[in-house]
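Here are the chains, one letter per residue:
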Amino acid sequence: MTPHVEPDPQAGAAVKAADRAHVFHSWSAQGLIDPLAVAGAEGSYFWDYDGNRYLDFTSGLVYTNIGYQHPRVVAAIQEQAAKLTTFAPAFAIDVRSEAARLIAERTPGDLDKIFFTNGGAEAVENAVRMARLHTGRHKVLSAFRSYHGATSTAINLTGDPRRWASDTGSAGVVRFWAPFLYRSPFYATTEEQECERALAHLEDTIAFEGPATIAAIILETVPGTAGIMTPPPGYLAGVREICDRYGIVFVLDEVMAGFGRTGKWFAAEHFDVVPDLLTFAKGVNSGYVPLGGVAISAEIAATFDKRPYPGGLTYSGHPLACAAAVATIQVMEDEKVVEHAARIGETVLGPGLRELAERHPSVGEVRGLGVFWALDLVKNKETREPLVPYNAAGEANAPMAAFGAAAKKHGLWPFINMNRTHAVPACNVSEAEVKEGLAALDAALGVADEHTA
């Protein structure tokens, strides 16, 4: 595939100049960034105004699950715009109802009511509000090594350093250690030990915080940006049992892991567990129009049968976003995208990443499911010392910066967070594209290897 436009550096320079003059970017020191001016995208690729093409191993921000510019979804948005561009959320709108039906059909258990939001952070905000109102309790437990969004409650629930600048310490949030065998906080040596000790730690945390004060426990089913740490067998079922025992609402955050990313419609299916609330966004419509939501159990929905739910959004269930969701889900069904993601992970991407780990001293661990993988980069495989320090910046982060530059030089746009690179291509990525990405990673890891001991 080639770019659909001729290189036009002058146009690219104009786009860059306007961006630098007027756009305030998220998570960035504004004077230190140099955003790439993107001229176009299609499928698993995007390209700049100089004609450089990149294989996107980030899926945007892990949301273009069916790739860029899928013609059926583009057409559905256009058709909906011609029919009914927008309408207030208090009304019954055909495409909104259909999107909710299709989502509810795919969620586990009895999560059959859908509250629409504009994205994942707002979904988490509302899930926590529902849990607090349902239980009459205030505290919420969340894990270190997590990310739940950047709005007020969601950022306080987050367990990574992006929380620090906005952490008020007064949001009723208590953090605990979730399982992660490779860097076990419990000195475990097996998955069974890690599971058992992580559940005991959670029980102790609940006991000392006071079970009657805790409204909810929220977990990413498979943590995303924090490192793609697949929970050990039995852990999520154990959390479900603890929540049932203490009357705590169990919230699974599937904003990143949902809609085919792990080779299932929702990652919860891998673990045979049903939460009380499930948050989603991103892959629900491949990010074509902002959309998120909360899938709600019958019991929690019933809390608001006669009692108004005190929350809402002007653009909740926006018709264009819902049309994109309906078309995306239909595409995923018709093209068997979920099954493809599972197969490509099992037969091509996972084995290919493990083969790289065998040859590169900088790769400490490979972990993942479907098209949701992480390479944990280290200075030394024996000590497992990260290639760069936790939350490194500037010169301390130079090895990862060099790795990223090498990947881009070889035509791969990488997802990098701290000492990890994630392999998270579109769920419908082809086998040939995966092999192209693996070859570029191979070359870039050679640069990372130079920083090992």
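A brief structural summary. (Residues numbered from 1 in each chain as written. Predicted model: local features only at pLDDT ≥ 70, side-chain atom pairs only at ≥ 80, totals over all residues. Heavy atoms only, no water.)

1. Comments concerning the pattern of salt bridges
(1) Moving on: What the rule picks out here adds up to 24 salt bridges.
(2) Moving on: A salt bridge links R183 to D376, with the nearest nitrogen and oxygen atoms 2.8 Å apart. Separated by 193 residues along the polypeptide, R183 in the loop between strand 6 (173-176) and helix 7 (191-209) and D376 in strand 12 (residues 372-380) bring together distant segments of the chain.
(3) Moving on: Assessed through its relative accessible area of 1%, D376 is described here as buried.
(4) Moving on: Across the pair R240 and D276 runs a salt bridge whose closest N-O atoms are separated by 2.9 Å. (Salt bridge = Lys/Arg side-chain N within 4 Å of Asp/Glu carboxyl O. Helix = DSSP H or I, 4+ residues; strand = E, 2+ residues; numbered from the N terminus. Buried < 20%, exposed > 50% of the residue type's maximum accessible area, 1.4 Å probe, protein only.)

2. Notes on the sheet that holds strand 8 (residues 249-253)
(1) Moving on: As summarised here, the arrangement of the 7 strands in space is 4-10-9-8-7-5-6, forming an open sheet in which the pairing is mixed. The sheet is open, and its two edges are formed by strand 4 (113-117) and strand 6, each paired on a single side. On average, adjacent strands in this sheet sit at an angle of 20° to one another, irrespective of strand direction.
(2) Moving on: Those strands touched by helix 4 (residues 94-106) are strand 4 and strand 9 (277-280), and its axis lies near 120° from that of strand 4.
(3) Moving on: Sheet contacts for helix 8 (residues 235-246): strand 6, strand 7 (214-220) and strand 8; angle to strand 8, the most-contacted strand, approximately 150°. (Pairing = 2+ DSSP bridges. Axes fitted to C-alpha atoms, helices over the stretch in contact; angles between N-to-C directions. Contact = heavy atoms within 4.5 Å.)

3. Some remarks on the environment of A21
(1) Moving on: Tracing the backbone through its elements, the reader meets A21 in helix 1 (residues 9-22).
(2) Moving on: For the pair A21 and G263, spaced 242 residues apart in sequence, the C-alpha to C-alpha distance is 42 Å.

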